[in-house]
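Listed here are the chains, written in short residue letters.
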Amino acid sequence: MQIARTVPEVRAAIQELKKRRGDEEATVGFVPTMGYLHEGHASLLRKARSENGIAMLSIFVNPLQFGPNEDFSRYPRDEERDLQVARDNGVDLVFLPDVSAMYPKTVKTKVAVAEVTDLLCGASRPGHFDGVSTVVTKLFNIIQPDRAYFGMKDAQQVAVIERMTEDLNVPVQIVPCPIVRESDGLALSSRNVYLSGEERRQALVLSQSLQLAEGWLAECGGDYRSVKALIEAHIRTSPLADIDYVEIMDYPSIRPAYDLPSTELEGTRLLIALAVRFGRTRLIDNRLFQI
Ligand code: AMP
């Protein structure tokens, strides 16, 4: 497995990999991450490995997508362990830039996707998705992957990246991948390490409420506000849970389902999306429903 830390290094390594295989047409499957890899990331790596001649991973904690009071400086990092996970999952090349390799100058150009970013995490974390779409555009331009793999754990991010690549004619196929969960239902996240034992136990209300929502949705007759209220009430049964948002949106447009005429909703998908704080840790989870 090769490791590249600068833009020229990674570009040269991709060319060399293609040449060495004698296959200039080998496709590149790319998994962008912020590291501290877990089984959710590994599932993306395995899919990229199985569908492409060359499997690539990037690890970059992107300062541009963190707000001033967020956890950029304390975001968990473990390069050695991440490289082992990459090797174990058949990665050919890891791109591990530092901040100066990605942003040698002050950033004056940003990529911003309108509307899809207005609500959910876009509302709670101003500027977050501009940071995401800017860094992903840069990574796509540097690596020029054929396919890029993203987890539905960050469903709004998938909608944003799909729209960005479509609007800008970026020649990459976005591959959304299912959420990987612990056996008790908690969605895997690098941030789960911040949780105390009690917070970890109470955090199960997220996945539980999404499970319960399936029945509530089936019975609600289109009254999505009542489903939202039931979910909020269930989450509040955990005293440590501090709700940031509970929303029901159409997907991938990310418009509130409550006010949309049923004709607009027919045949689309509903996204139930949750963001809840436990102490200093903000967790997100979601589920998509066909309607
Ligand atoms: P991150 O390192 O948190 O930026 O995540 C990198 C990629 O892994 C993103 O596409 C995430 O959606 C995806 N990911 C994170 N957690 C999970 C999970 N539990 N299941 C599936 N994909 C995930």
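Look up: the structure comes first, before these words.
Just so it is clear, the structure is predicted and the values come from calculations on it, not from any experiment. (Residues numbered from 1 in each chain as written. Predicted model: local features only at pLDDT ≥ 70, side-chain atom pairs only at ≥ 80, totals over all residues. Heavy atoms only, no water.)

Colleague: What am I meant to see in helix H7 (residues 155-167) here?
Modeller: Because the α-helix completes a turn every 3.6 residues, residues three or four places apart line up on one side. When the terminal C-alpha atoms of H7 are compared, their 18 Å separation across 13 residues agrees well with the 18 Å that a helix rising 1.5 Å per residue should span. Buried residues of H7: Ala-155, Gln-156, Gln-157, Val-158, Ala-159, Val-160, Ile-161, Met-164 and Thr-165, and no others. Immediately downstream of H7, the backbone of Asn-169 shows phi near 55 degrees, a positive value. (Helix = DSSP H or I, 4+ residues; strand = E, 2+ residues; numbered from the N terminus. Expected span 1.5 Å × (residues − 1). Buried < 20%, exposed > 50% of the residue type's maximum accessible area, 1.4 Å probe, protein only.)

Colleague: I'm lost on the nonpolar core in this one. Help?
Modeller: Side chains of nonpolar character tend, in soluble globular proteins, to be buried together. Core analysis: the biggest nonpolar cluster contains 49 residues, and Met-56, Phe-95 and Phe-140 have the highest contact counts within it. Each of domain 1 (2-177) and domain 2 (190-290) accounts for three or more of the residues forming this core. Residue contacts for Phe-140: discarding those within four places in its chain leaves Phe-30, Pro-145, Ala-148, Phe-150, Ile-161, Thr-165, Val-170, Val-172 and Ile-174. Formed by 28 residues, the second largest nonpolar core is a distinct cluster that contains Leu-186, Leu-204, Ala-257 and Leu-260. (Core = buried A, V, L, I, M, F, W, Y, C linked by side-chain atoms within 4.5 Å. Domains from an automatic or database assignment. Contact = heavy atoms within 4.5 Å.)

Colleague: How should the site of the ligand be read in this particular structure?
Modeller: For the ligand, the set of nearby residues contains 17 residues, the closest of which are Met-34, Gly-151, Asp-154, Val-180 and Leu-188. The separation between an oxygen atom of the ligand and a polar side-chain atom of Asp-154 is 2.6 Å. Surface burial for the ligand is 92%, taken as the share of its 480 Å² of free accessible area covered by protein chains. Secondary-structure elements contributing two or more residues to the shell around the ligand are strand S2 (28-33), helix H2 (39-51) and strand S5 (147-151). The biggest single contributor to the shell around the ligand is H2, with three residues. (Near = heavy atom within 4 Å. Polar contact = N/O pair within 3.5 Å; in protein donor to acceptor, adjacent residues only side chain to side chain. Areas by Shrake-Rupley, 256 points an atom, 1.4 Å probe, with all protein chains shown as cover.)

Colleague: Can you walk me through the pairing of S5 in this structure?
Modeller: Remark: a regular strand shows side chains that alternate across the two faces of the sheet. Across the five residues of S5, four count as buried, placing the element largely inside the fold. Examined bridge by bridge, S2 and S5 share two bridges and lie parallel to one another. By the bridge assignment for S5, Phe-30 is matched with Ala-148. Where S5 meets strand S6 (residues 173-177), five bridges bridge the pair, whose relative direction is parallel. Bridge assignment links Gly-151 to a residue of S6, and that residue is Cys-177. (Pairing = 2+ DSSP bridges.)

Colleague: Whenever I open this one, the sheet that holds strand S9 (residues 269-278) confuses me. Can you help?
Modeller: Hydrogen bonding along the main chain pairs the strands of a sheet, whether they run parallel or antiparallel. Read across the open sheet, the four strands follow the order S8-S7-S9-S10; overall the sheet is antiparallel. Only two strands of the sheet have a single partner each, and these edge strands are strand S8 (255-256) and strand S10 (281-290). Bridging between strand S7 (residues 241-251) and S8 involves two bridges; their strand directions are antiparallel. What sits directly across from Asp-250, in S8, is Arg-255. Sitting on the sheet, helix H9 (residues 204-219) is in contact with S9 and S10, with an inclination near 25 degrees to S10. With respect to the sheet, helix H10 (residues 224-235) is in contact with S7 and S9, its orientation differing from that of S7 by roughly 155 degrees. (Axes fitted to C-alpha atoms, helices over the stretch in contact; angles between N-to-C directions.)

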